[in-house]
Amino acid sequence: MTNRERRDRGLPYISDDEVFKEQKRARKLTQALNTADRSDFETISGIVKELLGKSEEAFINPPFYCDYGTHIEVGKNFFANYNCTILDVAKVVIGDNCQLAPNVAIYTAGHPLHPKTRNTLYEYGVEVTIGDNVWVGGNTVICPGVHIGSNTVIGAGSVVTKDIPDWVVAAGNPCRVIRKITDKDMKYYFRNQEFDDEAWEDVQRMLAEE
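Because the structure is predicted, anything quoted here is derived from the model rather than measured.

Caption draft 1: Quick look at the pairing of strand β4 (residues 72–76). As defined by bridge partners, strand β1 (residues 54–56) adjoins β4 across two bridges and the pair is classed as parallel. In the sheet register, E56 faces β4, and the bridge partner there is K76. Note that β4 and strand β7 (residues 92–94) share three bridges and pair parallel. The partner of E73 across the bridge, within β7, is V93.

Printed below as a string of structure tokens:
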């Protein structure tokens, strides 16, 4: 079995020339993305589409960094803000309408714990999945193997080491569930501040059109 095959089967592998060849493609594309005119949204969108393994109307505010890009699959209306890093040794699958705030890091890559084993250069990747309608706050780190449920918010500065369920607010280091999200939250845009009448009418109109 080649190291590329081992990597894609979730087995320990070594980054050899074949693996580096795939990484070179991603580095060329991220270089183009990160040096593009920041006001040229059409060019940025085109590079993002070419870089990612699957996307639909995705947009990333550069700079952005990843290992392969082809292992990243995002749903409709994906948005990642400045300085996002996704180490996609294994698959990273993200659902529809997800937003990543600045400085979010998603890691699928890891190394053996014992230094002698680690020094053999063997490494591994474990898949990360994120459901639909998830908002991940700034400076959050998502560790290998984590699954985040749909309709969930991860608070800024979190370190997500374990699975997080659907429909919750979760935060902290390590990240823990704080509370459920319910329909009572719909009228609030920030803490206890409600939408004004004009905005709320607009929200209701948009919801009725869905």
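Read on for the rest.
Caption draft 2: Seen up close, helix α5 (residues 197–209). The end-to-end C-alpha distance of α5 is 19 Å, a good match for the 18 Å that 13 residues give at a rise of 1.5 Å each. Regarding α5, its N-cap is D196, as a side-chain oxygen of that residue lies 3.2 Å from the backbone nitrogen of E198 further along.

Caption draft 3: Summary view of the layout of surface pockets. If you add up the space inside the largest pocket, you get close to 1,400 Å³. As for the largest pocket, its lining consists of 35 residues, and the residues nearest its centre are W135, V153, I181, D185 and Y188. Among the elements that take part in the lining of the largest pocket, α5 stands out by supplying four residues, more than any other. Tallied by class, the residues present in the lining of the largest pocket amount to 20 nonpolar, 10 polar and five charged.

Caption draft 4: Layout of the packing of aromatic side chains. This structure, assessed with the given rule, holds three aromatic pairs. Seen in terms of ring centroids, F41 and F59 are 5.8 Å apart; in terms of plane orientation they differ by 80°. Their pairing is edge-to-face. Taken together, the positions of F41 in helix α3 (residues 41–51) and F59 in strand β2 (residues 59–60) put the pair 18 residues apart, joining distant regions of the chain. Look at F59 and you get buried, because its relative accessible area is 17%. Within the aromatic cluster, the residues linked to one another by ring pairs are Y189, F195 and W200. When the ring centre of Y68 is taken as origin, the NZ or CZ atom of R7, which lies over that ring, is 4.6 Å away.

What counts and how
Residues numbered from 1 in each chain as written. Predicted model: local features only at pLDDT ≥ 70, side-chain atom pairs only at ≥ 80, totals over all residues. Heavy atoms only, no water. Pairing = 2+ DSSP bridges. Helix = DSSP H or I, 4+ residues; strand = E, 2+ residues; numbered from the N terminus. Expected span 1.5 Å × (residues − 1). Polar contact = N/O pair within 3.5 Å; in protein donor to acceptor, adjacent residues only side chain to side chain. 1 Å grid on protein atoms, 1.4 Å probe; cavity = no way out; pocket = protein on both sides within 12 Å on 5 of 7 lines; lining within 4 Å. Points joined across faces, edges and corners; volume = space filled by probe spheres on them. Nonpolar A, V, L, I, M, F, W, Y, C, P; charged D, E, K, R; others polar. Phe/Tyr/Trp six-rings, centres within 6.5 Å; stacked < 30°, edge-to-face > 60°. Buried < 20%, exposed > 50% of the residue type's maximum accessible area, 1.4 Å probe, protein only. Lys NZ or Arg CZ within 6 Å of the ring centre and 35° of its normal.

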